[in-house]
Amino acid sequence: MSNPATPPRSLAEALRARDDASLAVLLRARPDLITPVPTDLTQLATRAGTRASVLRALERLDRFALQTAEALAVAGDPASYRELLGLMAGDGGDPAVAAALPRAVAVLRDQALVWGDDDRLRLVRTAREVLAPSPQHPSPTGLGPSAREATSGMSPGRIQEIVAAAGLPSTHDSVSAVDALTKLFGHRKKMAKLLAAAPAESREVLSRLVWGPPYGQITPEPAAHLRWLLDRGLLLPTAPGTVVLPREVALHLREGRAHREPQPTPPAVEPAAAHRPQVVDATAAGQAYTALATVEELLKDWDEGGPAVLRAGGLSVRDLKRTAVALDVSEPIAAFWVELAYAAGLLASDGEADERYAATPAYDEWLDRPPAERWTQLAQAWLTATRACGLVGGRDAKDHALSALGAGLDRSAAPEVRHRVLTLLAGLPEGTAPVADSVLARLRWERPLRGPRQQDDDLRGRLARWTLSEAELLGVTGRGVLSAHGRALLGAPPTPATAPATSASAPAPAGSAGPGDKLPVHHHHPAPVPVTPAPLSPPEQAAAAVAAARLLAPLLPEPLDHVLLQADLTAVAPGPLRRPLADALGVLADVESKGGATVYRFTPGSVRRALDAGQTAADLHAFLAGHSRTPVPQPLTYLIDDVARRHGHLRVGAASAYVRCDDDTVLNEIMADKRASGLRLRRLAPTVLATQADPAALLDGLRAMGFAPAAESAEGDVLITRAHAHRTPPRAAPEPVPDGPPPPDVTLLAAAIRAIRAGDLAATAPRKSAGTAVKGGELPRTAPAETLATMQAAVLTGDTVWIGYVNAEGTATQRVIAPIRVEGGFVTAYDHTADEVRTYPLHRVTGVAELAED
């Protein structure tokens with residue numbers, strides 16, 4: 001391990017100087033670094049500098065930490081902390097920037113994007129390449145190349161002309177001339193004097209380029225005010241017809257600041273309105289009940305087999321419209337309920353040849369659970385799902401339509417955004433709803449878009465807006481405020497009843513500093529509190545679901561066992577009905593309106609449906625009398641008796657289909673009716689008619705004509721057509737699509753750090769020069785007799801040795817062991833690499849080397 005007093009010469013040395021807690025912070029923030037686990041710290045440093053990993057880390061920085069990295073990309077390499085502070089705070093200084101900068105530097109250090117002491121800060125090379133300015137990719141700061149970079153291809157004579165025009169003495173070489181020009185541009189007083197003599201038009205040109213982009217176009221014969229700038233190097237040519245404002249000149253005009261508007265602190269989430277917590281919870285509970293009823297209605301509508309699955313997967317636009325009409329909602333909201341049922345594992349495709357959507361067996365289990373538990377299952381599925389239903393109806397990158405339940409809706413950022421939005425709501429004072437735009441501004445600060453990602457139409461912003469509306473639909477929030485059961489589901493702490501409106505900034509995000517937050521500059525320290533709390537583990541999710549259900553249960557209405565029958569052939573359910581009553585009434589009557597009270601209407605068709613299901617008129621009369629708080633109206637009694645009297649008077653079978661009736665006058669009436677022409681009926685006997693139509697079509701046709709036929713079997717018995725539930729085979733809920741490797745848990749972190757430390761010990765342990773020379777990275781090679789003798793000697797002396805070992809799969813590794821016993825062709829030793837006692841066959845040891853005493 002390197003001496004802590006010696007400055008690290010590489011990122012690997014800087015990582016080697018860290019303790020285990022600091023390495024854990026790095027691996028938790030950048031889990032891709034341990035997928036798979038590196039063999040040593042050198043490999044970890046190499047992986048931390050790869051372009052893909054660096055880009056991922058930069059995209060997860062908050063705005064101020066990213067601004068700090070951008071400033072380091074245009075600073076010297078290495079740069080001192082004082083130079084960085086000057087670039088961030090400017091010549092006049094900014095107390096807020098000065099207070100927040102130590103934390104931003106600590107974040108960059110913790111994530112291995114910056115290494116080195118405060119007097120030699122180094123941005124990792126890949127990050128510098130990404131963030132540094134170039135003609136193809138201007139710096140996010142708006143700064144251009146330095147004077148040295150801009151003059152690299154200029155002739156020595158032209159450089160001397162610029163030096164002379166700027167009032168500097170001529171030099172003997174271009175290097176010293178550019179150095180003198182750079183010093184002039186960095187000298188505030190001399191530059192002020194030089195610019196004071198510039199024409200007004202020249203100063204106007206500089207003002208247009210100062211905040212970027214720093215490039216401009218000129219003609220082959222530039223105007224006098226442009227020539228004045230070119231002659232003094234205040235504009236430098238980079239290509240024919242293109243000039244650039246040197247970085248040092250821009251910094252002088254900016255008063256030393258790399259950014260026009262440094263943002264050291266996150267914007268506060270602004271309060272929009274305040275409501276009593278009881279009102280919030282009651283509103284959210286009411287919407288939670290509506291959510292349960294809507295999902296039940298959706299899957300009941302698809303109970304005997306739902307819409308067909310498109311060839312490319314998903315729900316057709318026509319079927320989505322039909323679903324929206326059935327649920328009495330708009331199409332985007334219908335897509336939300338369909339996707340929610342799918343995410344909860346209640347809905348899937350049946351996998352048949354004629355593939356259709358249907359409820360899963362898990363739906364029946366879900367129905368048997370208490371309402372509060374059913375809601376928590378839906379809410380947790382929504383919170384962790386990566387599918388974004390708001391994309392339905394849009395187009396993908398290949399201009400293909402995105403359909404509900406189809407491919408292309410997964411967005412790995414969705415769970416994180418939902419969790420973060422709800423966390424921000426949890427940080428507001430009790431009963432306070434946020435201003436939606438302030439929530440979006442906060443999220444943009446925490447994860448600013450950069451480069452090509454800015455063209456992504458701000459997906460995180462859209463996800464945040466969808467989260468606010470979907471949380472209200474689901475009952476997680478009420479009137480825009482996070483409910484008590486929503487807070488419990490999130491695992492958030494108790495409501496801050498007296499917290500100020502700006503408390504939404506807690507927990508403190510990376511890159512910000514709180515009041516009185518004095519962070520050491522010259523010593524490494526743990527990273528600040530992360531922007532987004534770690535996701536709940538499965539046991540924590542189960543506990544949160546139990547807590548949320550306990551809070552929600554008392555707020556949900558108790559199911560009723562009665563209805564109110566009215567003389568206009570309707571029944572009013574003043575609240576939710578118990579399941580057997582609701583199911584039976586759903587067969588006997590049609591739902592006319594929904595809301596706090598549901599209105600059912602009895603029609604001849606609905607009564608016939610109940611009779612087709614095997615009920616008799618007496619059964620229906622008894623059912624209504626037993627479940628009505630009001631007397632059964634005579635019109636309803638007459639309706640049931642009239643339909644029952646006519647039910648089954650006609651019999652339909654297969655001829656393809658036939659109709660038989662003991663009363664031939666009824667058949668004569670049917671044959672004379674013009675509406676029967678499409679059925680193409682013909683008389684087989686005075687009491688029998690036949691047709692080529694199938695029995696189902698014949699039944700529907702006769703019912704449309706006002707008759708009440710009953711189907712019969714081949715034996716002549718009346719067929720009782722009971723509604724049958726179509727279910728898919730057992731299906732698992734769709735797995736979320738993660739954004740890279742998941743954050744490692746404590747056990748994996750500890751094991752990974754131990755393995756990396758051990759591998760680093762084996763790779764860097766000093767070896768004695770005596771014996772066979774071993775190059776770096778190669779395994780030691782010794783004869784079997786020498787290997788055995790060295791092992792036996794190490795047992796007697798207690799020394800630690802370095803061995804090469806090839807396992808049964810042929811994988812070669814190097815290990816540092818302390819031999820304990822050698823016998824029977826095996827060596828038993830304490831393996832520093834694995835941090836445990838192991839036994840190795842001697843024939844698999846390639847060689848052994850003694851370690852140096854230090």
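Rules used throughout
Residues numbered from 1 in each chain as written. Predicted model: local features only at pLDDT ≥ 70, side-chain atom pairs only at ≥ 80, totals over all residues. Heavy atoms only, no water. Helix = DSSP H or I, 4+ residues; strand = E, 2+ residues; numbered from the N terminus. Expected span 1.5 Å × (residues − 1). Buried < 20%, exposed > 50% of the residue type's maximum accessible area, 1.4 Å probe, protein only. Arc of directions from axis to C-beta. Contact = heavy atoms within 4.5 Å. Pairing = 2+ DSSP bridges. Axes fitted to C-alpha atoms, helices over the stretch in contact; angles between N-to-C directions. Parallel < 35°, antiparallel > 145°, perpendicular 65-115°, else oblique. Left-handed = near helix turned anticlockwise from the far one by under 90°.

The name an unreviewed UniProt entry assigns to the chain is Helicase-associated domain-containing protein, from the organism Streptomyces sp. R39.

Trainee: Help me understand helix 29 (residues 634–646) in this model?
Mentor: In an α-helix, one full turn covers 3.6 residues, which means residues spaced three or four apart are oriented alike. Its 13 residues give helix 29 an end-to-end C-alpha distance of 18 Å, which sits within 8% of 18 Å, the value for a rise of 1.5 Å per residue. Among all positions in helix 29, only Leu636, Leu639, Ile640 and Val643 are buried. Mapping the buried residues of helix 29 onto a view down its axis gives an arc of 95 degrees, with all of them on the same face. Facing away from the buried side of helix 29, by more than 90 degrees, are the exposed residues Gln634, Tyr638 and Arg645. The inward-facing, buried residues of helix 29 contact strand 12 (564–566), helix 27 (604–612) and helix 28 (617–627). At the exit of helix 29 stands Gly648, carrying a positive phi of roughly 85 degrees.

Trainee: Help me understand the sheet that holds strand 5 (residues 242–244) in this model?
Mentor: Strands belonging to one sheet form pairs held by backbone hydrogen bonds; the direction of such a pair is parallel or antiparallel. Strands sit in the order 3-5-4 across an open sheet of three strands; the sheet is antiparallel. Strands at the two margins of the open sheet, each flanked by one partner only, are strand 3 (215–217) and strand 4 (236–239). When strand polarity is set aside, the average angle formed by the axes of neighbouring strands in this sheet is 40 degrees. Of the pairings in the sheet, the one linking strand 3 to strand 5 comprises three bridges and is antiparallel in character. Considered in strand 5, the bridge of Gly216 is made with Val243.

Trainee: How should unusual backbone geometry be read in this particular structure?
Mentor: Comment: phi is negative for the bulk of residues other than glycine, and the bulk of peptide bonds are trans. The omega torsion of the bond from Thr35 to Pro36 falls at -5 degrees, within 30 degrees of zero and hence cis. Here Asp77 and Pro78 are connected by a cis peptide whose omega angle stands at 5 degrees. Inspection of the secondary structure puts Pro78 in the loop between helix 5 (63–74) and helix 6 (81–89). For Asp328, which is not glycine, the phi torsion reads 60 degrees and is therefore positive. Mapping Asp328 onto the fold places it in the loop between helix 17 (317–327) and helix 18 (331–343). By relative accessible area, Asp328 is classed as exposed at 64%. Phi is positive for Arg479, close to 55 degrees, though the residue is something other than glycine. For Arg479, the location among the structural elements is in the loop between strand 10 (477–478) and strand 11 (481–482).

Trainee: Mind showing me how you'd approach the packing of helix 6 against helix 7 (residues 95–110) here?
Mentor: Relative orientation and spacing of two packed helices are given, respectively, by the angle between their axes and the distance between those axes. It is the contact of helix 6 with helix 7, at a shortest axis distance of 10 Å, that shows an interaxial angle of 125 degrees. As judged from the angle between their axes, helix 6 and helix 7 are oblique. Both helix 6 and helix 7 take part in a crossing whose hand is right-handed. Every residue of helix 7 that contacts helix 6 at Tyr81, Leu84, Leu85, Met88 and Ala89 is listed here: Val97, Ala98, Leu101, Pro102 and Val105.

Trainee: Just to check I follow, could you spell out the sheet that holds strand 14 (residues 590–593) for this structure?
Mentor: The antiparallel open sheet is built from four strands, whose spatial order is 12-13-15-14. Each edge of the sheet is formed by a strand with only one pairing partner; in this case those strands are strand 12 and strand 14. With strand direction ignored, the average angle separating the axes of adjacent strands in the sheet is 30 degrees. Note: strand 12 against strand 13 (residues 570–573), three bridges, orientation antiparallel. Across the sheet, residue Leu564 finds its bridge partner in strand 13, namely Val572.

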